[in-house]
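# Commentary on secondary and tertiary structure
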Amino acid sequence: MEIKDVLALSASICTVLQFLAGVLVCKKYIRNGTTGDSSGLAFVTCFMSCSLWLRYGILIGDSFIISVNIFGTILQICYVLIHILYNVKRSTTIKQFTVAICLVLLVYLYSIYQSDKVLAERYVGFLSCSLTILFFASPLISLAHVIRMKSTESLPFPVIMASMIVSCQWFAYGCLLSDQFIQIPNFMGCILSAFQLSLFLIYPNKRADQAYFI
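Since the model is a prediction, treat every value here as computed from it, not as a measurement.

Take the UniProt feature "transmembrane region" (unreviewed entry) in the protein next. Mapped onto the present numbering, the UniProt feature "transmembrane region" (unreviewed entry) falls on residues 6–26, 38–58, 64–85, 97–113, 125–147, 154–172 and 184–203. Strand forms 0% of residues 64–85 and helix 100%; the C-alpha atoms that close the span are 32 Å apart. Taken end to end, residues 184–203 is 95% helix and 0% strand, and its first and last C-alpha atoms sit 29 Å apart.

Helix length check: helix α8 (residues 157–177) (21 residues) gives 30 Å between terminal C-alpha atoms against 30 Å at 1.5 Å per residue, within 8%. Looking only at α8, the buried set comprises I160, S163, V166, S167, Q169, W170, Y173 and G174. Close packing links the buried residues of α8 with α1 (3–19), α4 (63–85), α6 (117–137) and α9 (180–202). At the exit of α8 stands S178, carrying a positive phi of roughly 60 degrees.

Counted as a void, the largest pocket has a volume near 1600 Å³. Lining the largest pocket we find 47 residues, and of these Q18, C46, F135, V159 and S163 sit closest to its centre. Listing elements by their share of the lining of the largest pocket, those giving two or more residues are α1, α2 (21–32), α3 (41–60), α4, α6, α8 and α9. Residues of the lining of the largest pocket, tallied by class, amount to 28 nonpolar, 19 polar and no charged. Considering only enclosed or pocket space, the second largest pocket measures out at about 190 Å³ in volume.

Calculation notes
Residues numbered from 1 in each chain as written. Predicted model: local features only at pLDDT ≥ 70, side-chain atom pairs only at ≥ 80, totals over all residues. Heavy atoms only, no water. UniProt positions renumbered as here; feature names shortened; annotations may be inferred. Helix = DSSP H or I, 4+ residues; strand = E, 2+ residues; numbered from the N terminus. Expected span 1.5 Å × (residues − 1). Buried < 20%, exposed > 50% of the residue type's maximum accessible area, 1.4 Å probe, protein only. Contact = heavy atoms within 4.5 Å. 1 Å grid on protein atoms, 1.4 Å probe; cavity = no way out; pocket = protein on both sides within 12 Å on 5 of 7 lines; lining within 4 Å. Points joined across faces, edges and corners; volume = space filled by probe spheres on them. Nonpolar A, V, L, I, M, F, W, Y, C, P; charged D, E, K, R; others polar.

Below, the structure written as structure tokens:
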């Protein structure tokens with residue numbers, strides 16, 4: 001097995017574990033019998049991202065990208081359905097999910113009927129890359145709050161660390177493949193995760209420190 005295959009396998013396993021974090025969120029919904037004020041947009045966005053990366057993986061013939069995103073797509077659909085089931089104001093999530101499905105179908109139809117497969121690969125890769133960048137950029141809003149309050153209590157350290165590991169692995173894999181569509185979003189993911197982790201050093205969680213000494 002080549003080094004790129006080992007790296008891709010490791011990245012795929014870590015990505016699957018990252019996807020499974022949503023199980024804990026859905027378990028909370030089921031236990032409480034409601035989603036509360038939480039939005040299902042993150043699940044819908046992740047569904048779109050996995051679906052587009054799945055199509056890109058098929059176009060470039062990469063079994064690792066295909067496998068991890070088949071799992072991710074199915075899992076995100078389950079998360080969205082659970083969110084709809086336990087959401088009192090489910091119409092918003094249903095509309096978001098419907099729009100997402102329509103957009104994904106349009107991309108799939110375009111890539112299937114586009115005679116120039118290289119062009120199709122480029123467009124689908126660009127869309128997948130752009131969506132992932134937006135997904136990585138979404139925490140910037142909460143980062144402004146962290147910097148203003150000078151506290152990292154609202155930041156989930158394990159999630160950020162996992163994101164850092166996964167982004168680094170996929171970035172390295174993208175470099176080995178010389179695939180800029182894999183490289184660019186994961187490089188940005190590395191930078192953003194590293195910045196968020198640096199905030200834990202700049203603004204230590206006082207509660208965690210107190211609990212440690214107690």
